[in-house]
Amino acid sequence: MSQYLIDELDRYGVAVRDRSEIAGLQGEQGRLHAVTLDGDGFILTGAHAGAEGLLETSVAGVYAAGDVRAGSIKRCATAVGEGAAVVQFVHERLARVATQLSVVQASQAASS
Ligand SMILES: Cc1cc2nc3c(=O)[nH]c(=O)nc-3n(C[C@H](O)[C@H](O)[C@H](O)COP(=O)(O)OP(=O)(O)OC[C@H]3O[C@@H](n4cnc5c(N)ncnc54)[C@H](O)[C@@H]3O)c2cc1C
């Protein structure tokens, strides 16, 4: 969000909260993962985050979409489009994980 908008909202008594609090994410087995942010507190994704996926963060399987994502166009249509794309990416990831799991289970069954 631009400083102009923050100032305008402040003028009407609306405080804008820092978004850095969403960088702390509770991962599997209770371990706390943190996604990498840029200097302004926006979440890095894709190559900038060292991630494989376009909208994937520095934590594999965690995605960012919309205003919170570094480099995103701060508009409603963009946020909705990125959100829809992330849903597809999550489905693809879950399918990959399920395939890997079944391969591991088949190999364990074969060796026992
Ligand atoms: C004054 C103003 C006017 C604008 N006008 C236009 C316009 O005309 N056209 C246009 O296309 N765009 C406009 N925009 C931009 C548009 O509002 C944003 O691009 C869009 O809302 C981004 O959507 P988002 O879902 O990424 O983020 P947001 O809409 O900001 O949603 C993020 C949500 O996450 C919640 N949240 C934050 N932290 C946490 C947390 N720790 N835990 C749980 N929830 C949390 C927030 O409360 C919020 O509900 C305007 C923005 C402003 C401020």
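Just so you know, these numbers come straight off a predicted model, no measurement behind them.

Now for the confidence of the model for the protein. For the protein, the mean per-residue pLDDT works out to 83, and 84% of the residues sit at or above 70. By mean pLDDT, strand β1 (residues 24-26) is the weakest element of the protein at 52, and helix α2 (residues 76-111) is the strongest at 90. Contacts from residues 20-24, a stretch scored under 50 in pLDDT, to residues over four places away or in other chains number nine contacts.

Let us look at the nonpolar core. Residues V35, I43, L55, Y63, A64, A65 and V86 constitute the largest nonpolar core, which totals seven residues. The residues contacting A64, other than those within four sequence positions of it, are I43, T45, L55, T57 and R69.

What follows is about helix α1 (residues 3-11). Across the nine residues of α1, zero count as buried, placing the element largely on the outside. G13 sits one or two positions beyond α1 and adopts a positive phi of about 80°.

Quick notes on the rules
Residues numbered from 1 in each chain as written. Predicted model: local features only at pLDDT ≥ 70, side-chain atom pairs only at ≥ 80, totals over all residues. pLDDT = per-residue confidence, 0-100. Helix = DSSP H or I, 4+ residues; strand = E, 2+ residues; numbered from the N terminus. Contact = placed C-beta atoms within 7 Å. Core = buried A, V, L, I, M, F, W, Y, C linked by C-beta atoms within 7 Å. Buried ≥ 20, exposed ≤ 12 C-beta atoms within 10 Å, placed from the backbone.

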